[in-house]
Structures are given as structure tokens and as C-alpha cells.
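Report on the structure
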Amino acid sequence: MVEICQTSLPIKPWAEDRLRRLPGLNPIPPGGWLLVDDAYGAQMAHRAGLIADKGAAVLRLDDSARPAADELLQRVLEDLALHPAFTVAGDHVTCPDGRIVPIDRDQPLQTCGALVQEDLVIMEKHGDEHVLTGALLCFPASWTLAQKFMKPMTMIHVPVAVYTADLAKRVQRLFDGIQVDRPMWRANFLTYGDPELHQPRTEQDQRSLYVDGPKWMRVERQGMLRLHHTRAVIFSIHTFVVPFDALSVEDRRVLEG
């Protein structure tokens, strides 16, 4: 178990009206898709270890999704070139933690994974639904890439109880409606009995909702961005973790009530 925590939460989905009602969408401001916070260095080191050790458990790409992955890397580089914490040169990127990352266009998802804290999921329209055709997923919150790879949206959300047929239609309309240069974000939150970011679970191995002992609050800022050429939707996940005891008395009261 690796403990990597931010010093505070920038968003509180349980306390903000704009986030509480599903799907709780908000526009991402220009330059606000990819975030850098005080856990950047530690999260990136953990991510590198997971990519090296876990292989296909954290990184998969269907051959059909290679154009989308290439465009995703280009979009990431363009965004980072405007970010004050990064320096993008012709063949490498200098990161906020001082690492110099080569730009390997033969390995687009791996390169993205060496640069940003976000997990990145490629969703492409196949028939009536978007399908998960590729992903860099180092920090899953109780799901596995193996079970969701090449599955449509309705299958991805098994066994989420609140994901009704009506909500599935709404989410599909949402993905259909994401416009280029008008990305959106939402957030969710989960309580865990340990702070580990890598929390894979199969559909059969459901997470216990009761946590006895120390607790950590995990918040995901989930972005949805449409690529210009391939039209793929990129589902990005930036994960924040703080000890439950670090929350305010009011926040703990609401969450435990």
C-alpha cells in the first residue's frame, strides 16, 4: 500500500450544488483540462511503477484506436505547452518534478502517462454507444480495465446501482453532445479504508460500503473532451485523496450522517 495524499480537496462533490445532481456537469475553462497539484511528483512516481509492473492491467489500446491515441498525445502536448509548470521542446518535455520525458510517438498512451496525473480513457462511437477502445488506467476506483476494455457504456457501468436505463440514455446523449473545444467535467467521491490509488476490483468483488478504522476520502474530477479529427471522447480522471480526519467537522458530519 502506497499513501499519497493531497494537502486539501479543491472540490467537494457532497457539498456543492453544481456537482450533487447527476450528471453534475460543469464547463472546463480554457487551459483547465489537465491539473497539477501538490501530489504530482509522488503520483507520477507511483504511476511509473504501475505501468512497468502491471502491463495490460493498466494500459490497453485496440489497434482501431491508435489514431485517437496519437491525437490524444498531440492534444496533451499542446495543452502542456501552455502550462507554466511544463516546458515542451521538440522531442521532450520537462515536468514540474524536474523529470525530462522523451516524446515517444510510437507509444502515445505511455508518453501521456509519464506526463500527466490524469488517467485517460478513449471512448469511440460504435453503433449507438461509445465503447472503451483504449485507456491508461493506473488509479481505478473499484473497477478493472480488463473487464471494461472494448465494452460499451452500459456494460462499463455494471454493476453501478444508480446507473439505470434512463440514466444510461442521458449519459449517452451527453457523450454525443460533447463539442470540440467545449470540454466538461463532473466529480464523484468514495470512502476507502486505505489510501492506495490503485484500487482494482472485478464486478463480482464489490467494494464494501462499511469502513471500520481509519478512512480516506477519494474524489475524482472526471473530464470529457472531444478530439477534433478522430471525434473520440477522452474521459480523464484526476484523483485526489485526503485522510477523512483532515476534512472539516461539517464535512464529516454530512458524510457520516
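Residues numbered from 1 in each chain as written. Predicted model: local features only at pLDDT ≥ 70, side-chain atom pairs only at ≥ 80, totals over all residues. Heavy atoms only, no water.

1. Some words on the pairing of strand 6 (residues 119–126)
Burial within strand 6 is extensive, with six of its eight residues counted as buried. Pairing of strand 6 with strand 10 (residues 233–243) involves five bridges; the strand directions are antiparallel. The residue of strand 10 that forms the bridge with Asp119 is Ile237. Looking at chain direction, strand 6 and strand 7 (residues 129–136) are connected through seven bridges and run antiparallel. Bridging from a neighbouring strand, Leu120 pairs with Leu136 of strand 7. Once strand 6 ends, the chain turns through two residues before running back antiparallel as strand 7, passing Gly127 with a positive phi of about 70°. (Buried < 20%, exposed > 50% of the residue type's maximum accessible area, 1.4 Å probe, protein only. Helix = DSSP H or I, 4+ residues; strand = E, 2+ residues; numbered from the N terminus. Pairing = 2+ DSSP bridges.)

2. A look at the packing of aromatic side chains
This model, assessed by the stated rule, comprises two aromatic pairs. Where Trp14 meets Phe189, the ring centres are 5.3 Å apart and the plane angle is 70°; that geometry is what we call edge-to-face. Placement of the pair is Trp14 in the segment before helix 1 (17–20) and Phe189 in strand 8 (residues 184–192), with a sequence separation of 175 residues. Judged by centre distance (6.0 Å) and plane angle (85°), the rings of Tyr40 and Phe86 are edge-to-face. Taken as a pair, Tyr40 in helix 2 (residues 40–54) and Phe86 in the loop between helix 3 (66–81) and strand 3 (87–88) lie far apart in primary sequence, 46 residues in all. Its end group placed over the ring of Phe139, Arg47 keeps NZ or CZ at 4.7 Å from the ring centre. (Phe/Tyr/Trp six-rings, centres within 6.5 Å; stacked < 30°, edge-to-face > 60°. Lys NZ or Arg CZ within 6 Å of the ring centre and 35° of its normal.)

3. Notes on the sheet that holds strand 3
With antiparallel pairing, three strands are arranged side by side in an open sheet as 3-4-5. Here the strands that pair on one side only, and so sit at the sheet edges, are strand 3 and strand 5 (100–102). The pairing of strand 4 (residues 92–94) with strand 5 spans three bridges and is classified as antiparallel. In the strand pairing of strand 5, Val93 is matched with Val101.

4. As for the pattern of salt bridges
Applying the stated rule across the entire model yields eight salt bridges. Asp79 is the partner of Arg75 in a salt bridge, and the nearest nitrogen-oxygen pair spans 2.8 Å. In this pair, Arg75 and Asp79 are both assigned in helix 3, four residues apart and thus about one turn of the helix distant. A relative accessible area of 19% places Asp79 in the buried class. (Salt bridge = Lys/Arg side-chain N within 4 Å of Asp/Glu carboxyl O.)

5. Notes on the nonpolar core
Ranked by internal contacts, the top residues of the largest apolar core, which has 50 residues, are Leu9, Trp33, Leu72, Val76, Leu115, Ile122 and Met217. When contributions to this core are tallied by element, the ones reaching two or more residues are helix 2, helix 3, helix 4 (108–113), strand 6, strand 8, strand 9 (216–226) and strand 10. Not counting residues up to four positions away in its chain, the partners in contact with Leu72 are Trp33, Leu109, Cys112, Leu120, Ile122, Leu227 and Ile234. If you look at the next biggest cluster of nonpolar residues, it comprises 16 residues, including Met123, Phe149, Met153 and Ile237. (Core = buried A, V, L, I, M, F, W, Y, C linked by side-chain atoms within 4.5 Å. Contact = heavy atoms within 4.5 Å.)

6. Let's talk about the environment of Pro10
Position of Pro10 relative to the elements: it lies in the segment before helix 1. Counting along the chain gives 27 residues from Pro10 to Asp37, while the straight-line C-alpha distance between them is 9.7 Å.

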